[in-house]
Amino acid sequence: MEKFEKYRPILTPHFTLDWLTATKVKDIYTLRHDENIAKMSDRTIDPTIQDTVDYVNQAMRLIMNNDSLLWGISDRKIDEFLGTFCIWNFNDPKTAAEIRFEILPNQQNHGIMTEILQHMTEFAFNELGLTTLYAVAKQANTPAITILKKTGFEIDPTYPGGKNTLSFSISKSV
């Protein structure tokens, strides 16, 4: 597998995915400080902007070590930060991984993640050579569950999730 650091930027018809270091920290902080987004992602909020800086630094270390991929999503027309998309939790032969995504509240339900998820699924299969992608969503996160199902992910009870979550998977068609 190629070095992860080369996988940037990624362009979809309407959006750019680039390393978080290409995004203003205050914009990432807005996303990571939102209590509802954190709850739906099953993570804690970033209490301070320094916590967000530390998060970005850790994400870049994981990218440089080929352990994870994390991009900020921005609108290509207005160059506005919208959210994040991550491919992580790779299995040992790097044939499968998990995805995670977060979108700012005012950007949800606009079709952004549908376009991103379709594009990034193809990227994962065709560029990274993965054969399976997994996703875990809180049972209460109806928007994420709807997007996953809409883009071809199916409930997968064999993939471990947390309490009150649903696990999903999609496999590369041969």
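Please refer to the structure higher up on the page.
Per-chain numbering applies: the sequence of each chain, read as written, is numbered from 1 onward. Selection of residues for local features in this predicted model requires a pLDDT of at least 70, selection of side-chain atom pairs for listing and counting requires 80 or more, and totals for whole chains, interfaces and linings are taken over all residues. Where side-chain values are given, they derive from all heavy atoms of the structure, hydrogens and water being excluded.

Strands sit in the order β1-β2-β3-β4-β5-β6-β8-β7 across an open sheet of eight strands; the sheet is mixed. Because the sheet does not close on itself, it has two edges, and the strands there are β1 (10–11) and β7 (154–155). Strand pairing follows a simple DSSP-based rule, namely that at least 2 bridges must link the two strands. Each helix corresponds to a stretch of at least 4 residues labelled H or I by DSSP, and each strand to a stretch of at least 2 residues labelled E; elements are numbered beginning at the N terminus. Judged from the two bridges that link them, β7 and strand β8 (residues 165–171) form a sheet pairing that is antiparallel. The residue bridging I155 from the neighbouring strand is F168, located in β8. Along the sheet, helix α4 (residues 112–126) makes contact with β1, β2 (15–19), β3 (69–75), β4 (81–88), β5 (96–103), β6 (132–138) and β8, crossing β4 at roughly 30°. The sheet strands contacting helix α5 (residues 142–150) are β5, β6, β7 and β8, and the helix crosses β6 at an angle near 155°. Only heavy atoms enter the contact rule, under which two residues are in contact if any of them lie within 4.5 Å. All axes here are fitted lines through C-alpha atoms, helices being fitted over the stretch that makes contact, and every angle between N-to-C directions spans 0 to 180 degrees.

Below, the discussion takes up the packing of helix α1 (residues 25–33) against helix α3 (residues 49–64). Their axes nearest at 9 Å, the elements α1 and α3 cross at an angle of 100°. The angle between the axes of α1 and α3 places the two elements in the roughly perpendicular class. From α1, V25, K26, I28, Y29 and R32 reach across to α3, where they touch I49, T52, V53, Y55 and V56. When residues are grouped by polarity, Ala, Val, Leu, Ile, Met, Phe, Trp, Tyr, Cys and Pro land in nonpolar, Asp, Glu, Lys and Arg in charged, and all others, Gly among them, in polar. Grouping the constituent residues of the contact of α1 with α3 by class yields seven nonpolar, one polar and two charged. Any angle that is under 35 degrees is reported as roughly parallel, and any over 145 degrees as roughly antiparallel; angles of 65 to 115 degrees are reported as roughly perpendicular and all others as oblique.

Checked against the element boundaries, D156 lands in the loop between β7 and β8. Of the buried charged residues, D156 lacks a salt bridge, with K149 as the closest side chain of opposite charge at 14 Å. Beyond its immediate chain neighbours, meaning those up to four positions away, D156 contacts Y134, S167, F168 and S169. Three exposure classes are used, based on accessible area relative to the maximum for each residue type with a 1.4 Å probe and protein chains only: buried under 20%, partly exposed in between, and exposed over 50%. Residues counted as positive are Lys and Arg, residues counted as negative are Asp and Glu, and His and the chain ends are not counted. The term salt bridge refers to a side-chain nitrogen of Lys or Arg lying within 4 Å of a carboxyl oxygen of Asp or Glu.

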